[in-house]
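# Residue-level structure breakdown
Chain residues, written in single-letter form:
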Amino acid sequence: MTDPVAIVCACLEEGFRWAQGHGTASEGQDPPEWARRLSAMLARALSARGESALAGLLAMGVRDFSQTIDRVALAVTGEAWLGGGVPAVERVLAEMLTSAEREILVTAYTMTPGSGRIWDELERAVVTGVRCRFVLNQLRDQPAETQALLGRLMREHAGNVEVYDFRSDQNTEGLHAKAVVVDRRVALIGSANLSFRGMVGAHEMAAILRGPSAALVAGSIDRLVLSSLVRKGERR
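What comes next is a walk through the structure.

Thresholds, definitions, all that
- Residues numbered from 1 in each chain as written.
- Predicted model: local features only at pLDDT ≥ 70, side-chain atom pairs only at ≥ 80, totals over all residues.
- Heavy atoms only, no water.
- Helix = DSSP H or I, 4+ residues; strand = E, 2+ residues; numbered from the N terminus.
- Rg over C-alpha atoms; globule rule 2.2 N^0.38 Å.
- Buried < 20%, exposed > 50% of the residue type's maximum accessible area, 1.4 Å probe, protein only.
- Contact = heavy atoms within 4.5 Å.
- 1 Å grid on protein atoms, 1.4 Å probe; cavity = no way out; pocket = protein on both sides within 12 Å on 5 of 7 lines; lining within 4 Å.
- Points joined across faces, edges and corners; volume = space filled by probe spheres on them.
- Nonpolar A, V, L, I, M, F, W, Y, C, P; charged D, E, K, R; others polar.
- Pairing = 2+ DSSP bridges.
- Axes fitted to C-alpha atoms, helices over the stretch in contact; angles between N-to-C directions.
- Parallel < 35°, antiparallel > 145°, perpendicular 65-115°, else oblique.
- Patch = residues over 30% accessible without salt bridge, like charges linked within 9 Å, V, L, I, M, F, W, Y side chains within 5 Å.
- Areas by Shrake-Rupley, 256 points an atom, 1.4 Å probe, with all protein chains shown as cover.
- Salt bridge = Lys/Arg side-chain N within 4 Å of Asp/Glu carboxyl O.
- Expected span 1.5 Å × (residues − 1).
- Core = buried A, V, L, I, M, F, W, Y, C linked by side-chain atoms within 4.5 Å.

All right, on to the overall build of the protein chain then. Helices and strands together make up the secondary structure of the protein chain, namely 7 helices and 8 strands. In summary, the protein chain has a C-alpha radius of gyration of 23 Å against a globular reference of 18 Å for 236 residues, an excess of more than 25%. Summarising its shape, the C-alpha atoms of the protein chain cover approximately 70 × 40 × 35 Å along the three principal directions. Sorting the 236 residues of the protein chain into buried and exposed places 42% on the buried side. Partitioning the intrachain contacts of the protein chain with sequence separation of at least 6 by distance along the chain shows that 74% fall at a separation of at least 24.

Structure (structure tokens):
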């Protein structure tokens, strides 16, 4: 690896993982290898390029490193939890859907048209060409309005909307995960169903992941779709 920015990024990433496992270094303890590499590279860069160029190198390295770690935030539903700087699940989810450029993935135990804001944002995304994939538990048991709405979206936007049915003959198996992933870069995972109660009425909590873990969530949904328990819904 010869790119100085890549070296800074790699050393910072290695150092971050080291710090998680070891905590702070004890006084007098030999510095780890990643710190030695970074120190030597920075000394050479300072000598050859000067302080201003070194500052720019560090800024770019930190910028690239920031893309390798997760940023985690919290969102809630329910009057008793609101406040204190914690946003509402419905608002965060609507903002995520508005930002979608390529893809939206959804897994849900139940969905209802009760949260009009979320459905409006989903339909707006589909109309603008964003691919939407829904995996629902027991599709035929979902509310008739939900089935009709998804069916219409599949008819009107063939190729952009896919609906999958998680169905098992075992009563002990079911899809209870509630997750939304946008462009494989941000994911919301929590207790709230995509319903009026989940978005407005009940007391729910969700974590918002921005970073590499969002892609891991998307990959898990990809594998779920390939499972023998999941069947593609028919266009009606």
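Read on for the rest.
Under the definition given, this model contains 1 cavity of 30 Å³ or more. Taken as a whole, the largest cavity spans an internal volume of roughly 60 Å³. Taken together, Val89, Leu93, Thr107, Lys178, Ala179, Val180, Leu188, Ala192, Leu194 and Met199 form the lining of the largest cavity. Every element with two or more residues in the lining of the largest cavity is listed here: helix H3 (89-99) and strand S5 (178-182). Considering every element that reaches the lining of the largest cavity, the biggest residue donor is S5, with 3 residues. Residue composition of the lining of the largest cavity, grouped by class: 8 nonpolar, 1 polar and 1 charged.

Strand order in this open sheet of 8 strands is S1-S7-S6-S5-S2-S3-S4-S8, and the pairing throughout is mixed. The outermost strands of the open sheet, each flanked by one partner alone, are strand S1 (71-77) and strand S8 (230-232). Strand-to-strand twist across the sheet, computed as the mean angle between neighbouring axes with direction ignored, equals 15 degrees. Pairing geometry for S5 and strand S6 (residues 186-190), over 5 bridges, is antiparallel. Counterpart to Ala179 in the pairing with S6 is Ile189. Here helix H7 (residues 212-225) sits on the sheet in contact with strand S2 (103-108), strand S3 (131-137), strand S4 (161-166), S5, S6, strand S7 (204-210) and S8, set at roughly 65 degrees to S3.

Most peptide bonds take the trans form, and the phi angle of most residues other than glycine is negative. A positive phi is found at Gln138, a non-glycine position, where the angle reads about 45 degrees. Position of Gln138 relative to the elements: it lies in the loop between S3 and helix H5 (144-156). On the basis of relative accessible area, Gln138 is assigned to the buried category, the value being 17%. In this structure, Asp183 is a non-glycine residue whose phi angle is positive, near 55 degrees.

The next thing to look at is the packing of H3 against helix H4 (residues 116-127). Two elements in contact, H3 and H4, have axes whose closest approach is 9 Å; the angle formed by their N-to-C orientations is 5 degrees. Classified by the angle their axes make, H3 and H4 are roughly parallel. For the pair H3 and H4, contact is made by Glu90, Arg91, Leu93, Ala94, Leu97 and Thr98 and by Arg117, Ile118, Glu121, Leu122, Arg124 and Ala125, respectively. Considered class by class, the residues forming the contact of H3 with H4 number 6 nonpolar, 1 polar and 5 charged.

Here the focus is a nonpolar patch on the surface. Taken together, the side chains of Leu74, Trp81 and Met205 define a hydrophobic patch exposed on the protein surface, amounting to about 270 Å² of accessible area. Exposure remark for Trp81: the relative accessible area of 39% places this residue in the partly exposed category.

Moving on, we get to H5. For H5, with 13 residues, the first-to-last C-alpha span of 18 Å sits near the 18 Å given by 1.5 Å per residue. Turning to H5, its buried residues number three or more, namely Thr146, Leu149, Leu150, Gly151, Leu153 and Met154. Tucked into the core, H5 has its buried residues touching H4, S3 and S4.

This part covers the nonpolar core. The biggest cluster of nonpolar side chains holds 37 residues, and the ones touching the most others in it are Ile104, Met111 and Phe134. When residues of this core are assigned to their parent elements, the largest contribution, 6 residues, is made by H3. Excluding residues within four positions of it along the chain, Ile104 makes contact with Leu97, Leu122, Ala125, Val130, Arg131, Cys132, Arg133, Val180, Val181 and Val182. Leu105, Tyr164, Leu175 and Leu224 belong to the second-largest nonpolar core, a separate cluster that totals 15 residues.

By secondary structure assignment, the location of Gly219 is in helix H7. A sequence separation of 76 residues divides Gly219 from Pro143, and the C-alpha atoms of the two residues are 28 Å apart.

Interpretation note: all reported values are geometric properties and have no functional meaning in isolation.
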